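So you can see what is in the structure, the chains are spelled out below.
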Amino acid sequence: MKIGIYGGTFDPPHLGHMEAARAALEQLNLDRLLIIPDCEPPHKDLSAEAASPQQRLAMAALMADGLGPRAEASDLEIRREGKSYTADTVEQLHEQFPDDELWLLMGTDMFLTVQNWYQPERIFQYAGVAAFARREEDTQALFAEQSKYLEETFHARTTVVDLPKVVEIASRDLRRMLASEWTGGNVDPAQYLWTPVYGYILQEGLFGTKAELKHLSDKHLRAVSYAMVKAKRLPHIRGTEETAVALARFWGADPEKARRAAILHDCTKYWELEPQVALCDQAGVPLDPLERTSPKLLHSKTGAILARDRFGEPDDVYEAIFCHTTGKPGMTTLDKILYLADYMEPNRDFDGVEELRRLVWEDLDQAMVLGLEMSVEDLQGRGVEVHRNTWDALEELRRVPR
């Protein structure tokens, strides 16, 4: 394999880091990219407001998730503790991947001074160096001269990664920007951050941010929710929000409540079973035997609990999220809108979805009947037990006069 090594403090990782990583993945044709936050950077002291190593690792993991399956965050340097010397890292990775080709990624400024790093000969023994070029002149005289010097002195392998999109921001400036957002700053830090990373910062209260989780704007609620799920889930959540708002406006429900229910409806989708059961027990939500063994069923309940208790959403938003997976008897218009928006948003693709999309604008109850019937058919076809709330909702709606 060809493995890229992208180290740094990542305090926080921003879109500049992300664009550079994406360019390296494509131009170097990497099979794997390791994003490695350092424990203690050897060349500088961490700022007083720095995130903890574990928080920086969590943000790096969110960024890696946004880059696709070839990228991942590694805790190698954090586990090693102490000063994070690149020479130690590449040697350790060589021992772990002895038959693979390692490429160390770095900016042009670092590339021009890498010979002054701790034991540079060990770096070049185990890895090639790929320098990010921000400007055309980076790839000309300076790069050629430095490449020649490194090759003659260390027998180094070098190459360049051209950055087609440059995001000009320094992490220290971004930290100031994040803090000033809550004291009247006029520059939006979100434009420099992958949305889930921004949401994580808000949820953790990093870098002087002062978001009140029970009073978040739609933008901030969206970011925090996105930080709690996998990147592959984001198109579905966006599609559900768009569809729920449109349906709410058409059928006379509150569009803002529909929006916020949709934003949060899958926020615990990736929780393991045990913490979901524990949260339900703590909140006094009774669970039947089927629910106690099914994270897929539980995420609607735990998502509803967080929506109400952590994010301050009202009871009708809580109820809509609570029943969006199974349905239930006595569903309100908002309940039905979220259930159907989740089921038929634009990214869904299954037999019958186009008929559902047509019917939902004509008869909301009959659209619910069709959606519930298709859900029952799908579950039974896969040998999965159908929850009693689904059967009860279907029986009730079939009796509704047309």
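Computed from a predicted model, the values in this text were never measured in an experiment.

Visitor: Help me understand the packing of helix H13 (residues 273-283) against helix H14 (residues 295-309) in this model?
Guide: In a pair of packed helices, the angle between the axes and the distance between the axes together describe the arrangement. Interhelical geometry of H13 versus H14 gives an angle of 45 degrees and a closest axis separation of 9 Å. In terms of orientation, H13 lies oblique with respect to H14. By crossing handedness, the relation of H13 to H14 is classed as left-handed. Facing H13, whose interface residues are Leu273, Gln276, Val277, Leu279, Cys280 and Ala283, H14 presents Pro295, Leu298, His299, Lys301, Thr302, Ile305 and Leu306. Considering only residue class, the contact of H13 with H14 consists of nine nonpolar, three polar and one charged.

Visitor: Got a minute to help me understand the sheet that holds strand E4 (residues 101-107) in this structure?
Guide: For sheets, the rule is that strands pair by backbone hydrogen bonds, running either parallel or antiparallel. Taken in spatial order, the six strands make up an open sheet running E3-E2-E1-E4-E5-E6, and their pairing is parallel. Of all the strands in the sheet, the pair left with one neighbour each is strand E3 (71-73) and strand E6 (158-162). Strand-to-strand twist across the sheet, computed as the mean angle between neighbouring axes with direction ignored, equals 25 degrees. Alignment of E4 against strand E5 (residues 128-133), held across five bridges, turns out to be parallel.

Visitor: Honestly, the packing of aromatic side chains in this entry has me stumped. Any pointers?
Guide: Given two aromatic rings, one states the distance between the centres and the angle between the planes to describe the pair. Taken as a whole and assessed by the stated rule, the structure comprises 10 aromatic pairs. For the ring pair Tyr6 and Phe10, a centre distance of 5.5 Å and an interplane angle of 90 degrees mean the geometry is edge-to-face. Pairing Tyr6 with Phe132 gives two aromatic rings, centres 5.6 Å apart and planes at 65 degrees, and the pair type is edge-to-face. Within this pair, whereas Tyr6 is found in strand E1 (residues 2-8), its partner Phe132 is found in strand E5, the two being separated by 126 residues in sequence. Of the two residues, Tyr6 and Phe132, both sit in the buried class.

Visitor: How should the nonpolar core be read in this particular structure?
Guide: Proteins that are soluble and globular tend to have nonpolar side chains buried together. By size, the foremost hydrophobic cluster in this structure holds 101 residues, and its most contacted members are Leu33 and Phe311. If sequence neighbours within four positions are ignored, Leu33 has contacts with Gly4, Ile5, Tyr6, Ala21, Leu25, Leu67, Arg70, Ala71, Glu72 and Leu105. One finds Phe111, Val114, Ala131 and Ala156 within the second-largest nonpolar core, a separate group that totals 24 residues.

Visitor: What should I look at first to understand the layout of surface pockets in this one?
Guide: Summary: where empty space remains is shown by rolling a probe the size of a single water molecule over the atoms. Computed from the structure, the largest pocket encloses a volume of approximately 1,500 Å³. His17, His43, Lys44, Gly107 and Met110 are the residues nearest the centre of the largest pocket, which is lined by 49 residues in total. If you list the elements that add at least two residues to the lining of the largest pocket, you get E1, helix H1 (15-27), helix H4 (86-96), E4, helix H5 (108-111) and helix H8 (171-180). Looking at the lining of the largest pocket residue by residue, the class counts come to 20 nonpolar, 15 polar and 14 charged. When its volume is computed, the second largest pocket comes out at roughly 700 Å³. Mapped onto the lining of the second largest pocket, the elements with two or more residues apiece are H14, helix H16 (333-344) and helix H18 (364-381). Ranked by the residues each element gives to the lining of the second largest pocket, the list is headed by H18, at five residues. Residues of the lining of the second largest pocket, tallied by class, amount to eight nonpolar, eight polar and 11 charged.

Thresholds applied
- In this convention, every chain numbers its residues from 1, walking through the sequence in written order.
- Note on the predicted model: pLDDT of at least 70 is required for a residue's local features to be given, and 80 or more for side-chain atom pairs to be given and counted; whole-chain, interface and lining totals, by contrast, use all residues.
- As a rule here, side-chain values cover all heavy atoms of the structure and leave hydrogens and water aside.
- Lines are fitted to the C-alpha atoms to define the axes, a helix being fitted only along its stretch in contact, and any angle between axes, read from their N-to-C directions, falls within 0 to 180 degrees.
- Helix numbers and strand numbers start at the N terminus; a helix is a DSSP run of H or I with at least 4 residues, a strand a run of E with at least 2.
- The cut-offs work like this: below 35 degrees is roughly parallel, past 145 is roughly antiparallel, 65 to 115 is roughly perpendicular, and the gaps in between are oblique.
- The handedness criterion is simple: a crossing whose near helix is rotated anticlockwise from the far helix by less than a right angle is left-handed, and one whose near helix is rotated clockwise is right-handed.
- Two residues form a contact once any of their heavy atoms are found within 4.5 Å.
- In this count, Pro and Cys sit with the nonpolar residues alongside Ala, Val, Leu, Ile, Met, Phe, Trp and Tyr, while Asp, Glu, Lys and Arg are called charged and the others, Gly among them, polar.
- Criterion used throughout: strands pair if DSSP finds at least two bridges between them.
- In this scheme Phe, Tyr and Trp rings, the latter by its six-membered ring, pair at centre separations within 6.5 Å, and the angle between planes marks the pair as stacked below 30 degrees, edge-to-face above 60, and tilted otherwise.
- Burial status follows relative accessibility: with a 1.4 Å probe on protein chains alone, a residue under 20% of its type maximum counts as buried, one over 50% as exposed, and anything between as partly exposed.
- Put simply, buried Ala, Val, Leu, Ile, Met, Phe, Trp, Tyr and Cys residues joined by side-chain atoms within 4.5 Å make one nonpolar core.
- Put plainly, a pocket is an open set of points on a 1 Å grid over the protein atoms alone with protein on both sides within 12 Å along at least five of seven lines, a cavity is a set where a 1.4 Å probe fits but cannot get out, and a lining residue has an atom within 4 Å of a point.
- Grid points are joined across faces, edges and corners, and a volume is the space filled by probe spheres set on the points.

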